[in-house]
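Chain and residue survey
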Amino acid sequence: MKNKLTRFGISMEESLLNQFDKLILGKGYNNRSEAIRDLVREKIVEENTEYSNQEVFGALVFIYDHHKRDLEKNLSNFQHDYYKNIISTTHVHISHDECLEVIILKGKASLLKTIADQLLSFKGVLNGKLTLTSKLYKTK
Ligand code: NI
């Protein structure tokens, strides 16, 4: 996706700019422009996904107690209900008692949030987190 770059000026307090430079240096950016573009993309995704119908990708990571009665069956049934939105599931046995799963999702942000909330509320799911990202491609 080709996009024309537009230049514009930004005014900022020197101390804030110094902090920003330190931050982006630590994150490996070569220049401020790319760092600011990423911040803007991140904010747009974050804001849009709060409400919108935007199509996004998601990664849901969670840990669960695999001895919990019926949990594995319930998790599997639940994922089959949403097979259209679940691209892949990776299962890792992280200890004798616990499993970690990463589910890659695709669909409307609001739906992915609902799926994540429901799954994370299963008894025996110990903790988890959904990360959403969109198809706002970077201009290179
Ligand atoms: Ni396991």
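What you see is a predicted model, and the numbers here were worked out from it, not measured in a lab.

Digging into the pattern of salt bridges
Under the counting rule described, the total for this entry stands at five salt bridges. One salt bridge connects aspartate 38 with arginine 41, and the closest N-O pair in it is separated by 2.5 Å. Of this pair, aspartate 38 and arginine 41 both sit in helix 2 (residues 32–51), separated by three residues, roughly a single helical turn. Residue classification places aspartate 38 among the buried positions, given a relative accessible area of 12%. Counted as one network, the salt bridges with shared partners bring together Glu34, Arg37, Asp38 and Arg41.

Topic: the nonpolar core
If you look at the biggest cluster of nonpolar residues, it comprises 21 residues, and the most contacted ones within it are Leu60, Phe62, Leu75 and Leu105. For this core, the secondary structure elements donating two or more residues are strand 1 (55–65), helix 3 (71–81), strand 3 (98–108), helix 4 (109–120) and strand 4 (125–134). Considering each element in turn, this core owes the most residues, five residues, to helix 4. Residues within four places of phenylalanine 62 in sequence aside, it is in contact with Leu75, Cys99, Leu100, Glu101, Ile103, Leu119, Leu120, Val125, Asn127 and Gly128.

Side note on the side chain of glutamate 101
Tracing the chain through its elements places glutamate 101 in strand 3. Lysine 73 provides the closest opposite charge to the buried, unpaired glutamate 101, separated from it by 15 Å. Within polar-contact distance, the side chain of glutamate 101 engages the side chain of glutamine 79 at 3.2 Å. Polar contacts involving the side chain of glutamate 101 include one to the side chain of histidine 91, which spans 2.9 Å. Beyond its immediate chain neighbours, meaning those up to four positions away, glutamate 101 contacts Leu60, Val61, Phe62, Tyr64, Gln79, Thr89, Thr90 and His91.

Parameters and conventions
Residues numbered from 1 in each chain as written. Predicted model: local features only at pLDDT ≥ 70, side-chain atom pairs only at ≥ 80, totals over all residues. Heavy atoms only, no water. Salt bridge = Lys/Arg side-chain N within 4 Å of Asp/Glu carboxyl O. Helix = DSSP H or I, 4+ residues; strand = E, 2+ residues; numbered from the N terminus. Buried < 20%, exposed > 50% of the residue type's maximum accessible area, 1.4 Å probe, protein only. Core = buried A, V, L, I, M, F, W, Y, C linked by side-chain atoms within 4.5 Å. Contact = heavy atoms within 4.5 Å. Lys, Arg positive; Asp, Glu negative; His and termini not counted. Polar contact = N/O pair within 3.5 Å; in protein donor to acceptor, adjacent residues only side chain to side chain.

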